[in-house]
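Here is what each chain is made of, one letter per residue.
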Amino acid sequence: MFIQVFALFLLVFASSVAAELLETKRKLIVVADPGVDDTAAILIALASEEVEVLGVVANFGVCSAACAANNSMHLMDMLGSAAVPVFVGANYPLGTMPQKGVIQDSMALLYHGPHGLGNFAGSPRPGTRPRGDMSGAEFIMSSVRDDPGVVSILVASPCSSLAQALSLAPQEFVSLVR
């Protein structure tokens, strides 16, 4: 957790220097499993004047991808950032069979609680749903294609959604991401 938050701090600091030079915001996609720790990373990114959060890819980790998407949408609502789209990412590690229920171990359950956000079980506004027009991997690929060399990706959860995006166009993907 500390390393993820520290890495985001360095990213925001470095982007602030670059933003001053370029007078533009750094475009960022956050791939997270919003539990207690990833929520802090999302908060820092949304609060930064130097970063434009293009979207959140809600990945499995401390809870299922659907649970992480619910947490992400609730977080966006609470922060007045409902315009930031949430996409459902990978629900299990690549190379494994889909698993039923919540993917977490006993330490994650103890730290993050049954819904990933401690003992807080909030819900987004009624009728709010994650974007269903594309998967998290497709959103990542679409975003980096729209702005080649401009979009950065902060992965604060298992890397399955990033790996899925990479698998869509392996040769192209590496050259498109900042």
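Below: a short report on this structure.

What counts, and at which threshold
- Residues numbered from 1 in each chain as written.
- Predicted model: local features only at pLDDT ≥ 70, side-chain atom pairs only at ≥ 80, totals over all residues.
- Heavy atoms only, no water.
- Helix = DSSP H or I, 4+ residues; strand = E, 2+ residues; numbered from the N terminus.
- Buried < 20%, exposed > 50% of the residue type's maximum accessible area, 1.4 Å probe, protein only.
- Contact = heavy atoms within 4.5 Å.
- Areas by Shrake-Rupley, 256 points an atom, 1.4 Å probe, with all protein chains shown as cover.
- Salt bridge = Lys/Arg side-chain N within 4 Å of Asp/Glu carboxyl O.
- Core = buried A, V, L, I, M, F, W, Y, C linked by side-chain atoms within 4.5 Å.

**Looking at the overall build of the chain**
So, step 1. Along the chain, the regular secondary structure elements total seven helices and four strands.
So, step 2. From first element to last, N terminus to C terminus, the chain shows the α and β order α-β-α-β-α-β-α-α-β-α-α.
So, step 3. Buried positions account for 45% of the 178 residues belonging to the chain.
So, step 4. Within the chain, residue pairs in contact and separated by at least 24 positions form 82% of the contacts whose partners lie at least 6 positions apart.
So, step 5. Per element, the accessible surface of the chain, about 9100 Å² overall, is 62% carbon and sulfur.

**Overview of the pattern of salt bridges**
So, step 1. Under the defined criterion, the tally for this structure stands at two salt bridges.
So, step 2. Linking Lys27 and Asp147 is a salt bridge whose minimum nitrogen-to-oxygen distance equals 2.7 Å. One end of the pair, Lys27, is in strand S1 (residues 26-32); the other, Asp147, is in the loop between helix H5 (136-146) and strand S4 (151-155), and 120 residues separate them in sequence.

**Brief notes about the nonpolar core**
Burial of nonpolar side chains together is a common tendency in soluble globular proteins.
So, step 1. One finds Leu28, Val30, Ile42, Val53, Val56, Met76 and Val86 to be the most contacted residues of the largest nonpolar core, which totals 21 residues.
So, step 2. The set of elements that each furnish at least two residues to this core consists of S1, helix H2 (36-47), strand S2 (51-58) and helix H3 (65-78).
So, step 3. Counting residues per element, this core draws most heavily on H3, which supplies six residues.
So, step 4. Of all hydrophobic cores here, the second largest spans 15 residues; its members include Ile29, Val31, Ala165 and Ala169.

**Description of the environment of Ala169**
So, step 1. The topology assignment puts Ala169 in the loop between helix H6 (160-168) and helix H7 (170-176).
So, step 2. Among the residues examined, Ala169 registers a relative accessible area of 11% and is labelled buried.
So, step 3. As a C-alpha pair, Ala169 and Met141 span 28 residues in sequence and 8.2 Å in three-dimensional space.
So, step 4. In this view, Ala169 contacts Met141 and Arg145; residues no more than four positions away in its chain are not counted.

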